[in-house]
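Architecture and fold: a report
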Amino acid sequence: MTNHEIKIAFQEYSSVDELANIDQELCAGAVKAMENSHSPYSKFSVGAALRLKSGKIIHGSNQENVAYPSGLCAERVALFYWGANHPDDPIESMAVTAHTDEFELQKPVTSCGSCLQVLAECEKMQQSPVKVILFVAKGPVWVTNGIESFLPFLFFEDRLS
Ligand code: THU
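Everything in this summary refers to the structure shown in the same document. Starting afresh in each chain, residues are numbered from 1 along the sequence in its written order. Where totals are concerned, whole chains, interfaces and linings use all residues; where local detail is concerned, this predicted model gives features only for residues with pLDDT of at least 70, and gives and counts side-chain atom pairs only at 80 or more. The basis for every side-chain value is the complete set of heavy atoms in the structure, and neither hydrogens nor water enter the calculation.

Here a salt bridge means any side-chain nitrogen of Lys or Arg lying within 4 Å of a carboxyl oxygen belonging to Asp or Glu. Enumeration according to the criterion identifies five salt bridges in this entry. With a closest N to O distance of 2.7 Å, Asp23 and Lys131 form a salt bridge. Here Asp23 is found in helix α1 (residues 21-33), whereas its partner Lys131 is found in strand β5 (residues 131-135), with 108 residues between them in sequence. On the basis of relative accessibility, which here comes to 4%, the residue Asp23 falls in the buried class. By the criteria applied, helices consist of DSSP H or I runs no shorter than four residues and strands consist of E runs no shorter than two, each listed in order from the N terminus. We call a residue buried when its accessible area falls under 20% of the maximum for its residue type, exposed when it is over 50%, and partly exposed in between, using a 1.4 Å probe and counting protein chains only.

Moving on: the packing of aromatic side chains. Note on aromatic pairs: the rings of Phe, Tyr and Trp (six-membered ring only in Trp) are paired at centre separations within 6.5 Å, and the planes decide the class, stacked below 30 degrees, edge-to-face beyond 60, tilted for the rest. Under the counting rule described, the total for this entry stands at two aromatic pairs. Centroid distance Phe10 to Trp142: 5.8 Å. Interplanar angle 70°. Geometry classified as edge-to-face. Taken as a pair, Phe10 in the segment before β1 (11-13) and Trp142 in strand β6 (residues 141-145) lie far apart in primary sequence, 132 residues in all. Seen in terms of ring centroids, Tyr41 and Tyr68 are 5.5 Å apart; in terms of plane orientation they differ by 45°. Their pairing is tilted. Here the residue Tyr41 occupies a position in the loop between α1 and β2 (45-52), and Tyr68 occupies one in the loop between β3 (57-61) and α2 (74-85), the gap between them amounting to 27 residues. Tyr41 gets classed as partly exposed once you look at its relative accessible area, which sits at 40%.

Attention shifts here to helix α3 (residues 113-126). Here the expected length of a helix is defined as 1.5 Å per residue gap, with one fewer gap than residues. For α3, built from 14 residues, the straight-helix expectation of 20 Å at 1.5 Å per residue is met to within 8% by its first-to-last C-alpha distance of 20 Å. Along α3, the residues classified as buried are Cys115, Leu116, Val118, Leu119, Ala120, Cys122, Glu123 and Gln126. Any two residues having at least one pair of non-hydrogen atoms within 4.5 Å are treated as being in contact. Buried residues belonging to α3 abut α2, β4 (91-99) and β5.

This part is about the site of the ligand. Only a single heavy atom is needed: when it lies within 4 Å of a molecule or strand, its residue is near that molecule or strand. In the vicinity of the ligand, the contacting residues are Ser42, Phe44, Val46, Asn62, Glu64, Cys73, Ala74, Glu75, Thr110, Ser111 and Cys112. Between Asn62 and the ligand, the recorded distance is 3.0 Å, taken from a side-chain N or O atom to an oxygen atom. Here the ligand, which alone exposes 370 Å², has 76% of that area covered by the protein. Residue classes follow a fixed rule: Ala, Val, Leu, Ile, Met, Phe, Trp, Tyr, Cys and Pro count as nonpolar, while Asp, Glu, Lys and Arg count as charged, and any other residue, Gly among them, counts as polar. Looking at the shell around the ligand residue by residue, the classes come out as five nonpolar, four polar and two charged. Pairs of N or O atoms are called polar contacts if they sit within 3.5 Å, as long as, within protein, a hydrogen donor faces a hydrogen acceptor (for residues adjacent in sequence, only side-chain-to-side-chain pairs). Per-residue and other accessible areas follow the Shrake-Rupley method at a 1.4 Å probe size, with only the shown protein chains counted as cover for residues.

What follows concerns the packing of α2 against α3. Geometry is summarised by axes, namely lines fitted to C-alpha atoms with helices restricted to the contacting stretch, and by angles between N-to-C directions that run from 0 to 180 degrees. Where α2 meets α3, the closest approach of the two axes is 9 Å, and the angle between their N-to-C directions is 25°. Of the possible angle classes, the one that applies to α2 and α3 is roughly parallel. In the crossing of α2 with α3, the sense of the turn from one axis to the other is left-handed. Counted together, Glu75, Arg76, Leu79, Phe80 and Trp82 of α2 and Ser114, Cys115, Val118, Leu119, Cys122, Met125 and Gln126 of α3 form the full contact between these two elements. Within the contact of α2 with α3, the residues separate by chemical class into eight nonpolar, two polar and two charged. Each angle gets one of four labels, with under 35 degrees taken as roughly parallel, over 145 as roughly antiparallel, 65 to 115 as roughly perpendicular, and the rest as oblique. For any helix crossing, the convention is left-handed if the near helix is rotated counterclockwise from the far helix by under a right angle, and right-handed if that rotation is clockwise.

This is how it looks when you write it as structure tokens:
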């Protein structure tokens, strides 16, 4: 028997103000994206912003539905928009934030497994990792470099051959 250890690396900052200007702008984009969150059922708003290599910013927010499973997370709204409209302009970074009036979020919201799986596909399409910046208004900022930080055991199609 052999024990293996996988280390997951991420950086923690105490606030968005500590980030480079370009990342602060992207975080402001994620906050703006939350304005269009349609979340009457969970009352939990999520905003995502993608910065593409060209400098273009794409916004996404969670879109809920009275038929609950028909809704979609902010990250996938933004990532699928990218795939549908800008697949040749690689995503360099994604900022994600959340807010609810129900209580104060103390820590960043980490993306759900389905969003991570979609992020993995986007990285595969563009052949480069996406820097992910997770933050809330009052709380730490977590920065990771690509899907491997979240899913080190991700299923890759090369395992099929
Ligand atoms: N949600 C997101 O948009 N992104 C996440 O990473 C986690 C959850 C949304 C889905 C739903 O509209 C609400 O937050 C509560 O789960």
